[in-house]
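Chain and residue survey
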Amino acid sequence: MPRGRPKSTQIPTEKWTITYIVMGSKDKKGKYQDYKVVRNQDNQLKCNCLAFQCGRTKVCKHIQNIKDHLHI
């Protein structure tokens, strides 16, 4: 029998995420920017906009839009 540390086994857990596409405002060229808001099973929301990425204290308007739509 081999010696050493016992191997730990990981129980796979099913985690889900939902990605929402939120249309932003027009840029300087007149095109609309799309932002991705990702929601996980713990109801945590993340956005790929600069306001969220820079860590501002307020919730970005894209996340607030999704929260209002989902009533959470």
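A short tour of the structure in this document, coming up. (Residues numbered from 1 in each chain as written. Predicted model: local features only at pLDDT ≥ 70, side-chain atom pairs only at ≥ 80, totals over all residues. Heavy atoms only, no water.)

**Observations concerning the side chain of His62**
If you trace the backbone, His62 turns up in helix H2 (residues 61–70). Take His62: its relative accessible area is 7%, and that puts it in the buried class. Not counting the four nearest positions on each side in its chain, His62 is found in contact with Val22, Tyr35, Val37, Cys47 and Cys49. (Helix = DSSP H or I, 4+ residues; strand = E, 2+ residues; numbered from the N terminus. Buried < 20%, exposed > 50% of the residue type's maximum accessible area, 1.4 Å probe, protein only. Contact = heavy atoms within 4.5 Å.)

**Regarding the pairing of strand E2 (residues 32–40)**
With eight bridges joining them, strand E1 (residues 17–26) and E2 adopt antiparallel strand pairing. What sits directly across from Met23, in E2, is Asp34. The turn joining E1 and E2, which pair antiparallel and follow one another in sequence, is formed by five residues; a positive phi near 90° is taken by Gly30. Connecting the antiparallel pair E2 and strand E3 (residues 45–47) is a turn made up of four residues, with Asn43 showing a positive phi of about 60°. (Pairing = 2+ DSSP bridges.)

**A closer look at the side chain of Asn40**
Note that Asn40 resides in strand E2. Of note is the side chain of Asn40, whose polar atom sits 3.0 Å from the backbone nitrogen of Asp42. Look past the residues within four positions of Asn40 in its chain and what remains in contact with it is Trp16 and Thr17. (Polar contact = N/O pair within 3.5 Å; in protein donor to acceptor, adjacent residues only side chain to side chain.)

**Things to note about unusual backbone geometry**
For Asn43, which is not glycine, the phi dihedral falls at a positive 60°. By relative accessible area, which is 39% here, Asn43 ends up partly exposed. The phi dihedral of His71 is positive, around 60°, even though this residue is not glycine. Within the secondary structure, His71 sits in the segment after H2. Classification of His71 by relative accessible area gives exposed; the value is 73%.

**Looking at the sheet that holds E1**
The antiparallel open sheet is built from three strands, whose spatial order is E1-E2-E3. Of all strands in the sheet, those with a lone pairing partner are E1 and E3, marking the two edges. Between one strand axis and the next, the sheet turns through 25° on average, direction left out of account. (Axes fitted to C-alpha atoms, helices over the stretch in contact; angles between N-to-C directions.)

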